[in-house]
Structures are given as structure tokens and as C-alpha cells.
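This is what each chain is made of:
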Amino acid sequence: MKKNWLWTVMAAGLIVSACSADSTEQNDETAENTAETTEQTETAVDSAAVELEVPFDGSIDHVHGMGYIEENGGLYFASHHGLKIHRNDEWTEIEKQYHDFMGFNATAEGFVTSGHPDMQSGMQNPLGIKRSADGGANFDNLGFEGETDFHEMAAGYNSNNLFVFNPQPNSEMDTGFYRSDDAGESWQQTAADGLDGKVAYLAMHPDDSMMIAASSNQGIFLSEDGGDSFSRITEGELGTTVFFSEDALFYATYDGAAKLMKQALSGEEEEIPLPEMTEDGVVYMAQHPANTQELALYTAQGHAWLTQDAGGEWAQILDAGQVQ
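Conventions used here
- Residues numbered from 1 in each chain as written.
- Predicted model: local features only at pLDDT ≥ 70, side-chain atom pairs only at ≥ 80, totals over all residues.
- Heavy atoms only, no water.
- Phe/Tyr/Trp six-rings, centres within 6.5 Å; stacked < 30°, edge-to-face > 60°.
- Helix = DSSP H or I, 4+ residues; strand = E, 2+ residues; numbered from the N terminus.
- Buried < 20%, exposed > 50% of the residue type's maximum accessible area, 1.4 Å probe, protein only.
- Lys NZ or Arg CZ within 6 Å of the ring centre and 35° of its normal.
- Salt bridge = Lys/Arg side-chain N within 4 Å of Asp/Glu carboxyl O.

Engineer: Explain the packing of aromatic side chains to me, and be specific about the residues and the numbers.
Structural biologist: For the structure on display, the rule yields 13 aromatic pairs. Measuring from ring centre to ring centre gives 6.0 Å for Phe111 and Phe139, while their planes differ by 70°; the resulting arrangement is edge-to-face. Pair noted here: Phe111 is in strand 7 (residues 111–116) and Phe139 is in the loop between strand 8 (130–132) and strand 9 (140–141), with a separation of 28 residues, a long-range link. Neither Phe111 nor Phe139 differs from the other in exposure class; each is buried. Geometrically, the ring pair formed by Phe144 and Phe150 is edge-to-face, given 5.4 Å between the ring centres and 70° between the ring planes. Here the aromatic cluster, defined as three or more aromatic residues joined through ring pairs, consists of Phe77, Trp91, Tyr201, Tyr284 and Tyr298. Positioned over the ring face of Phe56 is Lys84, at 4.7 Å from the centre of the ring.

Engineer: Any details on the pattern of salt bridges? Residues and values, ideally.
Structural biologist: Using the criterion set out here, one finds 6 salt bridges in the structure. Here Asp181 and Arg179 are joined by a salt bridge, their closest N and O atoms 2.8 Å apart. Judged by relative accessible area, Asp181 falls into the partly exposed class, the value being 37%.

Structure representation (C-alpha cells):
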């Protein structure tokens, strides 16, 4: 299987396509859970944001980001039709906030996102950059509302600093890569020397805004100077996603088969065992903030998996978009 197969799937709409502002009707039919499950990290939920959630038992369309929010322990999936949350082996969604989220990044207290608003919300289209600290009930505008939809955006999990690709000139930016070291208050352009190919995903270290990683159809790239220059860390493989923990860079590639690697910031590297995949690859991943052995994956074919032992065993929680 040629390595560009996965890129074709992604370009068709799973992570790099433009989405319209029109919401799509969700499939509410119940599916039987046919996957084996493992014990989940139990989360004590005391966030007021959870009061906005209602049970969800349907399918998730076009996921454009995924991550754990430490404040309320949820694994959030940013979709074409709002936020869907997996927590304590149950699924919920944020009621009445059915925005088409793009460039989604979970943070310790909430998330940052771009995309298009629900047509019933009265918000300007596109969203620009928004931050929510209450699970999506309210949004702070960080700029570019009505101007730009940022598909490629990274956020520091603890710092809230940002790194983005701006696809076309707006009121503050020319086309290109920009970094904010003050959580979106101001921006500076970066050269991104050495970053080749069509970028699919960006990641920023949770605390160190100088450490930025990128996946593209030319591989995996790492910057240690805030995005001014990048070095290639893979050869001959399609880069599909990147993710920083506090002490490591996780990255996924595809070259006839999916692969997930963990590269410690000290330099040691190991391969993370993956669930069985056929013509599929990892396009998003996240690590639970309170349990470093719990990892979550989302794939190009719309499957999602959880492991409680760093890849020893996997439990499927989405099957081609249908919740399990």
C-alpha cells in the first residue's frame, strides 16, 4: 500500500479539509458495544462545565482535534457538529454548542479552537481564535473573528501560548507561521525554515513554547527555537500527528502501516504498540494528565481507542464514528 493513501484520506476531510458552517444532522441510532473494554481512569468531576453536558449515543462526524481537559477529566472530541466527551466510560455532548470546531487544542483548564459557528449562535463566521475555560459554555475572543479559520494551531497545555499557520493575510498577519508567547495577546512571525511539505498537525510543549513539532506529508519535524527553524526527525514516512507530554514527543507515521513512536526529550526512543489497523493510521493522540499510561488515539477511518497500559491492551470507544 502506497504511503500517500493515508494523506488522501486526510485531505478528503478528516483533518485538513475546509468545513462549511452548516451543521450536519447526527445519527442517533444506538450501536451495540462489540469491543472489549478495559478499566478506565476514574475521574472525580466537579467542574460546572459538566452541567452543560447531555448523554450522547450517536455518531461523530469529522473529528478535528482531541484531548483531555484536566479541569474536568474529559476526553474531548472536536467535531463538525460540536464537542463530544468520553469520561468514565460514558459519552456526553455539549448541548446547544454545535459549532464546527477546527484547530482544537485541549488545555489544563479548557481549550482553544477555531472553525465555524453554529448558524443559530449569532457568532461571526469564521470563529477566529476562541478560548473556553468552562467546557464550551462561554468563549473569550482572542482575535480574527470573521476573518480567519485556523486549521493548523498548537497550544501549550499549561502555558496557553499558541503557534499557528495563517492561510491568508488578515488584519494582523501575513500568510505564514506565527507564535504568541502571551497566550494570544500578541503575535510574531516565524520563518519555519526546514519545515517541508503540507502540514497536517502542530504541537507545542505544555510549558516550553520554544519546542514545537509538526507532521506533514514529508515527515515529522521538530523546532527548539519557537518555530524559526525545524529539523526533520523521520525519513521516508508520511507524518500523521504529533503530541507533546512534559517529558516526551509522541509522533505517528504511515508507510504502508501505522506506527506510533515516543521520543523522550532526553533522546531515548521507543515504539508504542498499536491496535490492529487495516489501511488506517493515527491522526490524533492524547495522554491523560493524571495517568501517563492512559493514551487515546483517533484514526483516519474514524476509529478511537484507549489504553490503560501504554499500548499493552487497547479498548475501542469509536467504531467508524459510532460511539461504543
